[in-house]
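# A structural walkthrough
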Amino acid sequence: MGILASLALATALASQWVYAHGGLANYTVGETWYRGYDPDQPAEDQDGKPWMIQRKWASIDPIFSATSPFLACNDPGTPPPSYIPVAAGDNITAVYWYWLHPVGPMTAWLAACPAEAEGGCAAADVNEVGWFKVWEAGLQEGTVTEGMWWQKSFQNWDGSPDLWPVTIPAALRPGLYMIRHEILSIHIEDKPQFYPECAHLNITGAGTAVPPASYLKKFPGAYDPEDPSIKINIYTDAMRNTYNYTIPGGPIWDGKL
Ligand SMILES: *[C@@H]1O[C@H](CO)[C@@H](O)[C@H](O)[C@H]1NC(C)=O
Ligand SMILES: *[C@@H]1O[C@H](CO)[C@@H](O)[C@H](O)[C@H]1NC(C)=O
Ligand SMILES: *[C@@H]1O[C@H](CO)[C@@H](O)[C@H](O)[C@H]1NC(C)=O
Ligand SMILES: *[C@@H]1O[C@H](CO)[C@@H](O)[C@H](O)[C@H]1NC(C)=O
Ligand SMILES: [Cu+2]
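What counts and what doesn't
Residues numbered from 1 in each chain as written. Chains lettered and ligands numbered in written order. Predicted model: local features only at pLDDT ≥ 70, side-chain atom pairs only at ≥ 80, totals over all residues. UniProt positions renumbered as here; feature names shortened; annotations may be inferred. Near = placed C-beta within 6 Å. Nonpolar A, V, L, I, M, F, W, Y, C, P; charged D, E, K, R; others polar. Pairing = 2+ DSSP bridges. Helix = DSSP H or I, 4+ residues; strand = E, 2+ residues; numbered from the N terminus. Axes fitted to C-alpha atoms, helices over the stretch in contact; angles between N-to-C directions.

Where an unreviewed UniProt entry is consulted, the chain appears under the name lytic cellulose monooxygenase (C4-dehydrogenating), with the organism given as Thyridium curvatum. The record in UniProt for the chain states the following under Catalytic activity (unreviewed entry): "[(1->4)-beta-D-glucosyl]n+m + reduced acceptor + O2 = 4-dehydro-beta-D-glucosyl-[(1->4)-beta-D-glucosyl]n-1 + [(1->4)-beta-D-glucosyl]m + acceptor + H2O." Taken directly from UniProt, the Sequence similarities (unreviewed entry) text for the chain runs: "Belongs to the polysaccharide monooxygenase AA9 family."

In structure tokens:
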């Protein structure tokens, strides 16, 4: 790469290492890019802008508590005016830049919003809606301490974005939904870091399926802070010899009943 590109990369890396945090910057559906909220840019250039599709996250810091109201859609989680259109069965891809934490699970969730006439997703209470998990990935191979996690393997350090595609269940009933991406980083002993971001979706299609009530979870509520997958020290001898990791939050609903 050229000097300018190297400099830009070095700067990006330096600032990432200083803060050591991050979040979901953009979404793509097919060839279309949707810009997310950027905590490093002025709020007045973003708040309430008609193009905004992501709930506001004011800082790159994680949520440290499994019982925080901001576990749902980050802090402050202010709703945006717009929706990403996506067809059931298609992928929506979350885009991160230089995600750097290597250890812990990643999950994606959907929740149905009130109808447009009732205010749509702007009227949704992110702590009260029923979230259902549609995607997850955790430990891919090796041990909890030193193995390869999806959180590490989706990273790119060559200047290209870190891409996280999630398929909208093909059978899902169309309507207005929120999508919630969560990275849980567990590289610090007994101090889980949750990185949730939410966007508003207008899902089209001819499906009729909705998840059974047993799949619907609340944030906070879905996680027990004492869950051994959440309150975890990955540096023990036991974890150095453990080759499995149970992803919190229960099973995935894929729309196939
Ligand atoms: C991706 O997100 C960043 C941060 O919000 C923004 O500056 C950039 O314009 C976005 N890129 C695209 C192609 O939407
Ligand atoms: C959707 O993403 C999955 C990976 O999660 C990939 O296998 C599949 O080919 C993608 N589908 C489309 C239509 O791009
Ligand atoms: C959702 O998409 C449908 C079909 O394109 C459209 O008629 C409707 O106006 C959209 N709703 C919102 C809130 O964007
Ligand atoms: C590994 O699997 C066992 C048996 O299901 C379970 O008890 C244990 O909690 C799992 N370990 C981790 C780190 O999730
Ligand atoms: Cu961090």
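### Points about the site of ligand 4
Every residue near ligand 4 is listed here: V144, P228, S229, T242, N244, Y245 and T246. Classifying every residue of the shell around ligand 4 by side-chain character gives three nonpolar, four polar and no charged.

### Overview of the sheet that holds strand β4 (residues 91-96)
Sheet architecture is open: four strands sit in the order β2-β1-β4-β9, paired in antiparallel fashion. The outermost strands of the open sheet, each flanked by one partner alone, are β2 (32-35) and β9 (162-167). Ignoring which end each strand starts from, the neighbouring axes of this sheet average 25 degrees apart. As defined by bridge partners, β4 adjoins β9 across six bridges and the pair is classed as antiparallel. Note that in β9 the partner of A94 across the bridge is W164.

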